[in-house]
Amino acid sequence: MNILLVAGGSPDKWPQLNAKDFDYFVGIDRGSLYIVEQDWSLDIAVGDFDSLTIEEQQLIQKHAKEVKKAQAEKDDTDTQLALALTLKKFPEAEITIIGATGGRLDHFLANLWLPLEPRFQAFVQQIKLKDQQNSISYYMPGKYRVEKEAEMNYLAYCCLTPVEQLTLLDSKYTLDHVDVVVPTSYASNEFVGTTATFSFASGMVAVIQSTDK
């Protein structure tokens, strides 16, 4: 099952996507309004909706199959709430999050670090963040082969935590069992073919494929 989570970031930063590729749509605060404006199915709307006017909230109420309204003052962000709810409903789903990058840096970092939370770590390889220029996937220790995505020119290995024995193969720049002691982004790497291989023994790595505008 493929699920699209739409956060409140501007649609002009969204990646190209086909709504037919998704089985279920989750709106996060203003992202719920964007789903309605795209004429997609709003399966559930989540958030405190404090960024919306009364009229916009009424429009969401009219179109949403389900609404989960949160208090404005809460411990979780709306995106955290939406992801937790989605994984509770569909623990085996593949989840793509859009509208979560490209705006305020505090929001971006909160979203980038989502998979580091213990409650989400069992699902990290099911979660992707995407925008017009970036595709972010998450990995726990192991050995992996990454396929190059269309239009993406660059490849980065972002160590979100200290990482042991990081090995990069089949890339323009390689590493051999390097211990990374602080969070580090090995940026501006490139594929040399259609796939690249990497492995590591501990920590968490985000693989970022990206392109210039």
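Every chain is numbered on its own, with residues counted from 1 as its sequence reads. In keeping with the predicted nature of the model, local features appear solely for residues at pLDDT of at least 70, side-chain atom pairs appear and are counted solely at 80 or more, and the whole-chain, interface and lining totals rest on all residues. Side-chain calculation: all heavy atoms of the structure are included, whereas hydrogens and water are not.

## A short note on the nonpolar core
For the record, the criterion: In these notes, a set of buried Ala, Val, Leu, Ile, Met, Phe, Trp, Tyr and Cys residues joined through side-chain atoms within 4.5 Å is what counts as a nonpolar core. Each residue is placed in one exposure class: buried if its accessible area under a 1.4 Å probe, protein chains only, is under 20% of its type's maximum, exposed if it is over 50%, and partly exposed if it falls in between. We count a stretch as a helix when DSSP gives it H or I for four or more residues in a row; a strand needs E for two or more, and each element gets its number in order from the N terminus.
Judged by nonpolar contacts, the single largest core of 31 residues is most densely connected at Leu5, Val26, Leu83, Ile95, Ile97 and Tyr138. Here this core gets 4 residues from one element, more than from any other, and that element is helix 3 (residues 78-89). Ranked by size, the runner-up nonpolar core spans 17 residues in total, among them Leu4, Trp40, Leu52 and Ile60.

## Re the sheet that holds strand 1 (residues 2-6)
Counted only if it meets this: Being paired, for any two strands, means DSSP has found at least two bridges between them. Axis angles are defined between N-to-C directions and span 0 to 180 degrees, where every axis is a line fitted to C-alpha atoms and, for a helix, only to the segment in contact. Here a residue-residue contact requires only that any non-hydrogen atoms of the pair lie within 4.5 Å.
The mixed open sheet is built from 10 strands, whose spatial order is 4-3-2-1-5-6-7-14-9-12. This sheet does not close on itself; its edge strands, each paired only once, are strand 4 (67-69) and strand 12 (184-189). Each neighbouring strand pair of the sheet contributes to a mean axis angle of 20°, computed without reference to strand direction. Bridge count between strand 9 (residues 154-159) and strand 14 (residues 205-210): 6 bridges; the pairing is antiparallel. In the sheet register, Cys158 faces strand 14, and the bridge partner there is Ala206. Against the sheet, helix 1 (residues 30-37) contacts strand 1, strand 2 (24-28) and strand 3 (44-47), and its axis sits at roughly 135° relative to strand 2.

## Considering the packing of helix 1 against helix 2 (residues 54-63)
Heads up, the rule is: Crossing handedness is defined as follows: a turn of the near helix away from the far one that is anticlockwise and smaller than a right angle gives a left-handed crossing, while the clockwise case is right-handed. Classification convention: Asp, Glu, Lys, Arg as charged; Ala, Val, Leu, Ile, Met, Phe, Trp, Tyr, Cys, Pro as nonpolar; all other residues, Gly among them, as polar.
Orientation of helix 1 relative to helix 2, taken along the N-to-C sense of each, is 65°, at an axis distance of 10 Å. Where helix 1 crosses over helix 2, the two elements pack in a sense that is left-handed. Residues Arg30, Ser32, Leu33 and Val36 of helix 1 pack against Glu56, Leu59, Ile60 and His63 of helix 2. Counted by class, the contact of helix 1 with helix 2 contains 4 nonpolar, 2 polar and 2 charged residues.

## A look at the pairing of strand 6 (residues 127-130)
Each regular strand carries side chains that alternate between the two faces of the sheet. Here strand 6 shows one buried face, formed by Ile127 and Leu129, and one open face, formed by Lys128 and Lys130. Two strands pair when backbone bridges link them, and strand 6 and strand 7 (residues 134-139) are joined in this way by 3 bridges, in the antiparallel orientation. Bridge pairing in strand 7 places Leu129 opposite Ile136. Linking strand 6 back to strand 7 in an antiparallel pair, the connection comprises 3 residues.

## Regarding unusual backbone geometry
If you check the backbone angles, Asp39 has positive phi at about 65° while not being a glycine. Its identity is not glycine, yet Phe49 carries a phi of approximately 60°, on the positive side. Within the element layout of this structure, Phe49 appears in the loop between strand 3 and helix 2. Its relative accessible area of 5% is what places Phe49 among the buried residues.

## A short note on helix 3
The following threshold applies: A helix is expected to span 1.5 Å multiplied by its residue count minus one.
Relative to the 16 Å expected for 12 residues at 1.5 Å per residue, helix 3 spans 17 Å between its end C-alpha atoms, a close match to the ideal helical length. Residues of helix 3 that are buried include every one of Asp78, Thr79, Gln80, Ala82, Leu83, Leu85, Thr86 and Leu87, and no others.

## With respect to helix 1
Given 3.6 residues per helical turn, the α-helix brings residues three or four places apart onto the same face. Counting buried residues in helix 1 gives 6 out of 8 residues, a clear majority hidden from the surface. Listing the buried residues of helix 1 in full gives Gly31, Ser32, Leu33, Tyr34, Ile35 and Val36. The secondary structure elements touched by the buried residues of helix 1 are strand 1, strand 2, strand 3 and helix 2. Two residues or fewer after helix 1 comes Asp39, characterised by a positive phi angle close to 65°.

## What to know about the sheet that holds strand 10 (residues 163-169)
Spatially, 8-13-10-11 is the arrangement adopted by the 4 strands of the open sheet, whose pairing is antiparallel. Pairing within the sheet leaves two strands with one partner each, and these edge strands are strand 8 (142-147) and strand 11 (175-180). Pairs of neighbouring strands in the sheet enclose a mean axial angle of 20°, with direction left out of account. With 3 bridges joining them, strand 10 and strand 13 (residues 195-200) adopt antiparallel strand pairing. Across the sheet, residue Leu169 finds its bridge partner in strand 13, namely Thr197.

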